[in-house]
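Residues per chain, in single letters:
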Amino acid sequence: MIPEKWAVRALRVFLVLLFGVLVVFQTLSLPGGIAYTTSQNPNDANLRWPLTAIAVFLVLCVEVVLVATWKLLTLVKNDRIFTPASLKWVDVIVWAVAAAWLVFVGMLLFVGFNADDPGMPMVLFLVTVAITVFGLLLVVMRALLRRATTLQSDMEAVI
């Protein structure tokens, strides 16, 4: 099994890599791809800027989760994960996931009421359900972290 120290280091390397790739997508690939796609279909030309804003915002939500995860890893490294500071960063992740969920629900409703075939609404429904499950799992994990933090504080008071 990989020791915790190595896992934290490896995760940090991949968090930096993922963050860098997301910045490239956010600033170059997504706006360029959306501009190209909407220029090919004149009916979609009015969707260029709303789609760009939505795509950039969703990537921003992921970037916020990555930064908060980095901060939580720092707390793990310093053996301070069971402190109130960790709850703050878990809350940041929960709010970022909630914001992404709201955007996907909005897209699901918009596309669902305007779609001619069920393909895209089903994909959006699947992603929305997956984000819902992930968000609720985070809420449960936050409750467990809060309980563990309280137990840690109680144990330190006794010792």
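Presented here is an overview of the structure given in this document. (Residues numbered from 1 in each chain as written. Predicted model: local features only at pLDDT ≥ 70, side-chain atom pairs only at ≥ 80, totals over all residues. Heavy atoms only, no water.)

Topic: the overall build of the protein chain
The condition is simple: Per the convention used, a helix needs a DSSP run of H or I reaching at least four residues, while a strand needs a run of E reaching at least two, with both numbered from the N terminus. Throughout, radius of gyration means the C-alpha value; the globule benchmark is 2.2 Å times the number of residues raised to the power 0.38. Think of it in three bands: with a 1.4 Å probe and only protein chains considered, a residue is buried below 20% of the maximum accessible area for its type, exposed above 50%, and partly exposed in between. Contacts: residue pairs with any heavy atoms within 4.5 Å of one another. Methods summary: accessible areas were calculated by the Shrake-Rupley approach with a probe of 1.4 Å, and residue burial reflects only the protein chains presented. Charged-residue counts in this description rest on Lys and Arg as positive and Asp and Glu as negative, His and the chain ends being excluded. Positions of charges follow a simple convention, taking NZ of Lys, CZ of Arg, CG of Asp or CD of Glu.
Looking only at helices and strands, the protein chain features 4 helices and 0 strands. In sequence order, the protein chain lays out its α and β elements as α-α-α-α. Over its C-alpha trace the protein chain gives a radius of gyration of 20 Å, far above what one expects of a compact globule, namely 15 Å for 159 residues. Its C-alpha atoms give the protein chain principal-axis dimensions of about 70 × 30 × 30 Å. Among the 159 residues that make up the protein chain, the fraction classed as buried is 28%. Partitioning the intrachain contacts of the protein chain with sequence separation of at least 6 by distance along the chain shows that 68% fall at a separation of at least 24. When the accessible area of the protein chain is evaluated, it comes to approximately 10900 Å², of which 74% is carbon and sulfur surface. Across the protein chain, the centroid of the 11 positively charged side chains sits 12 Å from that of the 9 negatively charged ones.

Concerning the environment of Val13
Relative to the helices and strands, Val13 is located in helix H1 (residues 4-40). Taking the C-alpha atoms as reference, Val13 lies 28 Å from Ala143; in sequence the two are 130 residues apart.

Overview of the packing of aromatic side chains
For the record, the criterion: Planes of paired rings set the category: under 30 degrees apart is stacked, over 60 is edge-to-face and the rest tilted, where pairs are Phe, Tyr or Trp rings (Trp by its six-membered ring) whose centres lie within 6.5 Å. Here, a charge over a ring is recorded when the distance from Lys NZ or Arg CZ to the ring centre is within 6 Å and its angle to the ring normal is within 35 degrees.
Within this structure, the stated rule accounts for 0 aromatic pairs. Sitting over the face of the ring of Trp6, Arg9 holds its NZ or CZ atom 5.2 Å from the ring centroid. Looking at Arg12, its charged tip hangs above the ring of Trp70, at a distance of 4.4 Å from the centre.

A closer look at the pattern of salt bridges
Short version of the rule: Salt bridges are identified by distance alone: a Lys or Arg side-chain nitrogen within 4 Å of an Asp or Glu carboxyl oxygen.
The full count for this structure, using the stated rule, is 1 salt bridge. A salt bridge links Asp91 to Arg142; the nearest nitrogen and oxygen atoms lie 2.4 Å apart. Placement of the pair is Asp91 in helix H3 (residues 84-114) and Arg142 in helix H4 (residues 119-158), with a sequence separation of 51 residues.

A closer look at the nonpolar core
Nonpolar side chains tend to gather and get buried jointly when the protein is soluble and globular. This is how it is decided: Throughout, nonpolar core names a set of buried Ala, Val, Leu, Ile, Met, Phe, Trp, Tyr and Cys residues whose side chains join them through atoms within 4.5 Å.
Ranked by internal contacts, the top residues of the largest apolar core, which has 23 residues, are Leu58, Leu72, Ile93, Val97, Phe104 and Met107. Of all the elements in the fold, those that place two or more residues in this core are helix H2 (48-77), H3 and H4. The leading source of residues in this core is H3, at 12 residues. The residues contacting Leu58, other than those within four sequence positions of it, are Ala100, Val103, Phe104 and Met107.

Focus on the packing of H2 against H3
Which entries qualify depends on this criterion: The angle between two axes is taken between their N-to-C directions and runs from 0 to 180 degrees, where each axis is a line fitted to C-alpha atoms and a helix contributes only its stretch in contact. For this classification, under 35 degrees means roughly parallel, over 145 means roughly antiparallel, 65 to 115 means roughly perpendicular, and everything else is oblique. Here a crossing is taken to be left-handed if its near helix is turned anticlockwise relative to the far helix by less than a right angle, and right-handed if that turn runs clockwise.
Two elements in contact, H2 and H3, have axes separated by 9 Å at closest approach and are oriented at 165°. The angle between H2 and H3 falls in the class roughly antiparallel. Crossing geometry of H2 relative to H3 is assigned as left-handed.

So, the packing of H3 against H4
Describing two packed helices takes the angle between their axes plus the distance from one axis to the other. Where we set the bar: Any residue outside Ala, Val, Leu, Ile, Met, Phe, Trp, Tyr, Cys, Pro, Asp, Glu, Lys and Arg is labelled polar, Gly included; the first ten of those are nonpolar and the last four are charged.
At their nearest, the axes of H3 and H4 sit 9 Å apart, and the two run at 165° to each other. The angle between H3 and H4 falls in the class roughly antiparallel. Crossing of H3 over H4 shows left-handed handedness. Broken down by class, the residue content of the contact of H3 with H4 amounts to 22 nonpolar, 6 polar and 3 charged.

Quick word on the side chain of Arg12
Here Arg12 lies in helix H1. When sequence neighbours within four positions are dropped, the list of residues in contact with Arg12 reads Trp70, Leu73 and Thr74.

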